[in-house]
Amino acid sequence: MAQQRLRALLALGIFNGGPLQEWPGLWAMASVTHYDLILSPRPDDLVVITPTPSNVLTYLVPRGMPVGLPGLRLEEARADAFQLRHLVTGARMTVTDRPPVPPFDGDFDERRVWTVHQGLTMEERDALADVPPMTDDTLVLLSGLMSRIGLGDPQRQWALGNWFMDPLDRTDAWGGRVGRRLWGRGDWWELTWGGFPFAEDVAMALTDPQAGIADAHAVRGRRGWQVRVGNAVLALRVEEG
């Protein structure tokens, strides 16, 4: 449950940005998807593999608001990875290189981010207190969305491309209003964005028989797609230009 809560909060920070955003966009995390990211979700750790771990780290861990996930801290800077800890949930997260890129040299200046020695600030407490309530089914759905931001189908039927560029080079994958908004309450949530990826690709990624969320299913409606896990619903809407 701690890992699901951490990933759902990360989703709020990353899927709110630009003119469409709700207030978690003020955490200034959306641009982290401009980096090459591979997410490896594990039961007790969320591993982010990237060739630029130092840069990615500064989008995730705050050093004073409003940049980074409230309560996320650097616990240890090793030669091959940054280990993070969320003070509120206790969940662990790791940011590391992707082989065969040589590991970074470990000379990262820890003054660029807060470490676990910096307690939760009042501003962070207020920010987390304002997060809308999420049911257990919603945590599964939103954490699953976060964990699949870079997912692609080996058969090249769909791809999410870190919500930045289309690895399948479909010429009509661009356009639309720039920005993202993930917002809701309880069991009902809506994700709205402009441009890439296609809403159908997101629905397919979340419900894929091999790589999707267990027991998730999607239906197509007049305004887009809806993905359901248990009682929780995530509506997918692409804003036209």
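In case you missed it, the structure is sitting above this.
Attention in this report is confined to the structure presented alongside it. Note that the structure is a prediction, hence the values are computed from the model and not measured.

**Thoughts on the sheet that holds strand β4 (residues 81–86)**
Read across the sheet, five strands follow the order β1-β2-β5-β4-β3 without closing on themselves; strand pairing throughout is mixed. With partners counted over all chains shown, the strands left at the sheet margins are β1 (38–42) and β3 (72–77), one partner each. Neighbour-to-neighbour, the strand axes of this sheet turn through a mean angle of 25 degrees, independent of strand direction. The pairing of β4 with strand β5 (residues 92–96) spans five bridges and is classified as antiparallel. Following the sheet pairing, Ala81 is matched in β5 by Thr96.

**What about the packing of aromatic side chains?**
Each aromatic ring pair is summarised here by two numbers: the centre-to-centre distance and the angle between the ring planes. Per the stated rule, a full pass over the model turns up six aromatic pairs. Measuring from ring centre to ring centre gives 5.7 Å for Trp23 and Trp183, while their planes differ by 80 degrees; the resulting arrangement is edge-to-face. A residue pair is termed long-range when its members are at least 10 positions apart, and Trp23 in the loop between α1 (2–14) and β1 and Trp183 in strand β6 (residues 180–185) qualify at 160 residues. You can call Trp183 partly exposed: its relative accessible area is 24%. Ring centres of Trp163 and Trp193 lie 4.9 Å apart, and the angle between their planes is 70 degrees; on these two criteria the pair is classed as edge-to-face. Of this pair, Trp163 sits in the loop between α4 (136–147) and β6 while Trp193 sits in strand β7 (residues 188–194); the two residues are 30 residues apart in sequence, bridging distant segments of the chain. Aromatic ring contacts, followed pair by pair, group Phe15, Trp163 and Trp193 into a single cluster.

**A closer look at the sheet that holds strand β9 (residues 224–229)**
Strand order across the open sheet formed by five strands is β6-β7-β10-β9-β8, with mixed pairing between neighbours. One side of each edge strand has no neighbouring strand; the edge strands of this open sheet are β6 and β8 (217–221). Each adjacent strand pair in this sheet contributes to an overall mean axis angle of 20 degrees, direction not counted. Against the sheet, α4 contacts β6, β7, β9 and β10 (232–239), and its axis sits at roughly 40 degrees relative to β10.

**Topic: the side chain of Thr138**
Mapped onto the secondary structure, Thr138 falls in helix α4. Thr138 has contacts with Gly186, Asp187, Trp189 and Ala232, leaving out every residue within four places of it along the chain.

**Some remarks on the packing of α1 against α4**
Where α1 meets α4, the closest approach of the two axes is 8 Å, and the angle between their N-to-C directions is 60 degrees. α4 is crossed by α1, and the crossing has left-handed handedness. Here Gln4, Arg5, Arg7, Ala8, Leu10, Ala11 and Ile14 of α1 lie close against α4, whose contacting residues are Leu139, Val140, Leu142, Ser143, Met146 and Ser147. Each residue belonging to the contact of α1 with α4 can be placed in one class, and the counts come to eight nonpolar, three polar and two charged.

**Considering the nonpolar core**
Counting residues in hydrophobic clusters, the biggest one holds 58 residues, and the most contacted among them are Leu60, Leu84, Leu182, Leu234 and Leu236. No other element matches α1, which puts seven residues into this core. With residues near it in sequence (within four places) discarded, Leu84 still touches Leu57, Leu60, Val61, Leu72, Arg73, Leu74, Glu75, Ala91, Arg92, Met93 and Val95.

**Digging into the pattern of salt bridges**
Under the counting rule described, the total for this entry stands at eight salt bridges. Put simply, Arg92 and Asp45 hold a salt bridge, and the shortest N to O gap is 3.6 Å. Separated by 47 residues along the polypeptide, Arg92 in strand β5 and Asp45 in strand β2 (residues 45–49) bring together distant segments of the chain. Between Arg85 and Glu75 there is a salt bridge whose closest N-O contact spans 3.3 Å. Taken together, the positions of Arg85 in strand β4 and Glu75 in strand β3 put the pair ten residues apart, joining distant regions of the chain. Classification of Arg85 by relative accessible area gives partly exposed; the value is 26%. Taking relative accessible area as the criterion, Glu75 reaches 33% and is therefore assigned partly exposed. Linked by salt bridges that have partners in common, Asp44, Asp45 and Arg92 make up one network.

Cut-offs used in this document
- Residues numbered from 1 in each chain as written.
- Predicted model: local features only at pLDDT ≥ 70, side-chain atom pairs only at ≥ 80, totals over all residues.
- Heavy atoms only, no water.
- Pairing = 2+ DSSP bridges.
- Helix = DSSP H or I, 4+ residues; strand = E, 2+ residues; numbered from the N terminus.
- Axes fitted to C-alpha atoms, helices over the stretch in contact; angles between N-to-C directions.
- Phe/Tyr/Trp six-rings, centres within 6.5 Å; stacked < 30°, edge-to-face > 60°.
- Buried < 20%, exposed > 50% of the residue type's maximum accessible area, 1.4 Å probe, protein only.
- Contact = heavy atoms within 4.5 Å.
- Left-handed = near helix turned anticlockwise from the far one by under 90°.
- Nonpolar A, V, L, I, M, F, W, Y, C, P; charged D, E, K, R; others polar.
- Core = buried A, V, L, I, M, F, W, Y, C linked by side-chain atoms within 4.5 Å.
- Salt bridge = Lys/Arg side-chain N within 4 Å of Asp/Glu carboxyl O.

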